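# Results of the structural survey
If you want the building blocks of each chain, they are given just below.
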Amino acid sequence: MSAYVKSILHIALKDLKVEVRSKEKLYSMMVFSILVMVIFNFAFDPGADYISEVAPGILWVALVFSATLGLNKTFSSEKDQDCLQGLMLAPLDRSGIYFGKTLSNFIFSLIISVMTLPFFAIFFNLNFIDSLPQLLLVIVMAIFGFISVGTLFAAISVGVKRGEMILPLLLFPIEVPVIIAAVKATGMILDGRMMVDYSMWLKILGLFDVIFLMVSFVAFDYLLEE
Amino acid sequence: MVLFVLAFYMAFLFAPTELTMGHVQRIFYFHVSFAWVSFIAFFVTFAASIVYLKTRKRFWDIVAASSVELGIAFCCIILTTGPIWARPVWGAYWTWDPRLVTTLILLFIYSAYLMLRGAIDEETKRAKFSAVLGIIGFLDVPIVYRSVDWWSRTIHPNVIKKGNIALHPDMLMSLRVALLAVTLFYFFILFRRIRLEELRDEVKELRKKILKEY
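Residues numbered from 1 in each chain as written. Chains lettered and ligands numbered in written order. Predicted model: local features only at pLDDT ≥ 70, side-chain atom pairs only at ≥ 80, totals over all residues. Heavy atoms only, no water.

## Overview of the overall build of chain A
Helix and strand counts for chain A come out as nine helices and zero strands. Overall, chain A shows an N-to-C arrangement of helices and strands of α-α-α-α-α-α-α-α-α. The C-alpha atoms of chain A give a radius of gyration of 18 Å, which matches the 17 Å a tight globule of 226 residues would have. Dimensions of chain A along its principal axes, counting C-alpha atoms only, are 55 × 35 × 30 Å. Looking at chain A as a whole, 50% of its 226 residues qualify as buried. Surface exposure of chain A reaches about 10500 Å², of which carbon and sulfur atoms provide 68%. The centroid of the 15 positive side-chain charges in chain A is displaced by 7 Å from the centroid of its 19 negative side-chain charges. (Helix = DSSP H or I, 4+ residues; strand = E, 2+ residues; numbered from the N terminus. Rg over C-alpha atoms; globule rule 2.2 N^0.38 Å. Buried < 20%, exposed > 50% of the residue type's maximum accessible area, 1.4 Å probe, protein only. Areas by Shrake-Rupley, 256 points an atom, 1.4 Å probe, with all protein chains shown as cover. Lys, Arg positive; Asp, Glu negative; His and termini not counted. Charge placed at Lys NZ, Arg CZ, Asp CG, Glu CD.)

## Quick look at the overall build of chain B
From N to C terminus, chain B includes six helices and zero strands. Along chain B, helices and strands appear, N-terminal first, in the series α-α-α-α-α-α. The buried share among the 214 residues of chain B stands at 48%. Residue pairs at least 24 apart in sequence account for 78% of intrachain contacts in chain B once pairs closer than 6 positions are excluded. As displayed, chain B has an accessible area near 11400 Å², and 69% of this comes from carbon and sulfur atoms. (Contact = heavy atoms within 4.5 Å.)

## Describing the confidence of the model for chain B
Residue and element names in this part refer to chain B. In this model, chain B carries an average pLDDT of 78, and 79% of its residues clear a pLDDT of 70 or more. Here helix α1 (residues 2-14) stands out as the element of chain B with the lowest mean pLDDT, 60, in contrast to helix α4 (residues 98-119), whose mean of 86 is the highest. Reported confidences for the modelled complex are a pTM of 0.81 and an ipTM of 0.77. (pLDDT = per-residue confidence, 0-100.)

## As for the side chain of Ser66(A)
Checked against the element boundaries, Ser66(A) lands in helix α3 (residues 51-79). Each residue touching Ser66(A), except ones within four places of it in the same chain, is listed here: Met29(A), Phe32(A), Ser33(A) and Ile112(A).

## Focus: the environment of Thr80(B)
All names here are of chain B. Secondary-structure assignment places Thr80 in helix α3 (residues 58-90). Expressed as a C-alpha distance, the spacing of Thr80 and Pro142, which sit 62 residues apart in the sequence, is 23 Å. A distance of 2.9 Å separates a polar side-chain atom of Thr80 from the backbone oxygen of Cys76. (Polar contact = N/O pair within 3.5 Å; in protein donor to acceptor, adjacent residues only side chain to side chain.)

## Here we look at the side chain of Thr116(A)
All names here are of chain A. Assignment of secondary structure puts Thr116 in helix α5 (residues 94-123). A polar contact is formed between the side chain of Thr116 and the backbone oxygen of Ile112, at a distance of 2.6 Å. If sequence neighbours within four positions are ignored, Thr116 has contacts with Met30, Ser33, Met37, Leu59 and Leu63.

## Things to note about the pattern of salt bridges
Residue and element names in this part refer to chain B. Per the counting criterion, the structure on display carries 13 salt bridges over all chains. With a closest N to O distance of 3.5 Å, Glu198 and Arg195 form a salt bridge. Taken together, the positions of Glu198 and Arg195, both in helix α6 (residues 169-213) and three residues apart, correspond to about one turn of that helix. On the accessibility criterion, Arg195 (41% relative accessible area) is partly exposed. Ionic pairing is found between Glu205 and Lys208, a salt bridge with its closest N-O pair at 3.8 Å. In this pair, Glu205 and Lys208 are both assigned in helix α6, three residues apart and thus about one turn of the helix distant. Relative accessible area serves as the criterion here: at 51%, Lys208 is assigned to the exposed category. (Salt bridge = Lys/Arg side-chain N within 4 Å of Asp/Glu carboxyl O.)

## Focus on the packing of aromatic side chains
Considering all chains together, one arrives at 20 aromatic pairs over all chains under this definition. Pairwise contacts between aromatic rings join Phe34(B), Phe74(B), Phe185(B), Tyr186(B), Phe187(B) and Phe191(B) into one cluster. (Phe/Tyr/Trp six-rings, centres within 6.5 Å; stacked < 30°, edge-to-face > 60°.)

## Remarks on the packing of helix α6 (residues 132-158) of chain A against helix α9 (residues 195-223) of chain A
Residues and elements named next belong to chain A. Where α6 meets α9, the closest approach of the two axes is 9 Å, and the angle between their N-to-C directions is 25 degrees. When the axes of α6 and α9 are compared, the pair comes out roughly parallel. For the element pair α6 and α9, the recorded crossing hand is left-handed. Among the residues making up the contact of α6 with α9, the classes are represented as 19 nonpolar, five polar and one charged. (Axes fitted to C-alpha atoms, helices over the stretch in contact; angles between N-to-C directions. Parallel < 35°, antiparallel > 145°, perpendicular 65-115°, else oblique. Left-handed = near helix turned anticlockwise from the far one by under 90°. Nonpolar A, V, L, I, M, F, W, Y, C, P; charged D, E, K, R; others polar.)

## Here we look at the interface of chain B and chain A
Opposite the 30 residues of chain B that make contact, chain A presents 30 residues. Summed over both partners, the interface of chain B with chain A buries about 2700 Å², with 77% contributed by carbon and sulfur atoms. The interface formed by chain B and chain A holds zero salt bridges in total. Linking chain B to chain A there are zero residue pairs in polar contact (both at pLDDT 80 or more). Counting only elements with at least two residues in the side of chain B that touches chain A, the list comes to α2 (27-55), α4 and α5 (123-151) of chain B. Looking at the side of chain B that touches chain A, the element that brings in the most residues is α5(B), giving 16 residues. A per-class count over the side of chain B that touches chain A returns 19 nonpolar, three polar and eight charged. (Buried area = accessible area lost by both parts, 1.4 Å probe.)

## Remarks on the nonpolar core
Counting residues in each nonpolar core, the largest one holds 119 residues, and the members touching the most others are Trp60(A), Phe120(A), Leu152(A), Phe153(A) and Leu116(B). A total of 15 residues in this core trace back to one element, the largest contributor, which is α6(A). Every residue in contact with Trp60(A), bar those within four places of it in the chain, is listed here: Val138(A), Ile139(A), Ala142(A), Ile143(A), Ala182(A), Val183(A) and Thr186(A). Met29(A), Met30(A), Ile34(A) and Phe108(A) belong to the second largest nonpolar core, which has five residues in total. (Core = buried A, V, L, I, M, F, W, Y, C linked by side-chain atoms within 4.5 Å.)

Right, dumping it as structure tokens:
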């Protein structure tokens, strides 16, 4: 069992190492996420009162889009020089590849999310230092749900013509509950509400995370064959 | 087909006209039936996808894909008959009601399913990938419904609750006939569709054989 966990960590660590050396993913994801927020700002009057109501939605659009950008790369970068073949030949369970990839994608998106938050606070003139732990909890749960299905679909889209176009089409409808729950919970946290008020959204996120992590774990075996 | 005519007759002539909504309410019989059957269609896809991944028989892949096509067609019917009814009754074609949104999301999920199929040439790969999506998409539906339900409360008339049904007996009869007609219609088309795909396979095989001979 510990060998299994170790192999997962190895894969995730490999991805992180590649990223540290090439720095191709995080930069573009970060810039994109900030850009989305700036562009959205143009859609509304500067300093309007309703900005705090739309802010959570804008934050999540930015985070989800930049996460998709990263997901698109996760397997296509392995295609170079047949690295995917190598991964599949490695002496570990196929699901290990899935968990390793999920872990590394999760870490990337989490880094981006945490780095986006200060910009979010500045752009929308929000102060949420006090409720930061709750906000981080929502971010961790939502990003995890998004990434767990996203990694599976990335494995699908990499073997497909026009895969980069198909991935968002597959991913977004499935992720509707995650996005709604994340936006609603974030909105309530920024309003300074208590945990009881948005606990049902956390439950939805938790439910989604558990169900789709398990389904993806089973389904992944079928996707990377041949 | 005969049943369909009967269902039309029942819906448009037999069933009493609704008091407040008038004739436009008659769309209800088909709207509800198609909604019901589209869920059956997606369930069939879900079940066939699981069986496919277990047995790897091409037949189940065909069943899943055919059922999705029908489900999408029915979803489109729901999403057009619904607004026709909703415009005079609710005063708007579209509201962000949980059922509307869920149906729309369903439509998106399964359109992506067809797009995915269109993007893969290799047969077994296409079958595997779409089976996975067929399973995940169906599992997602209740969660989508839950979350949209909490996001905005429903204004859909809930005519059939546990045990008691708030419908005139004649209306109920018409609904049942429409439901039966649409369900049979679904299975009829489904089997035609499956047969068509099998014939296509056969043609492909024959063509291969002939090309080999020359």
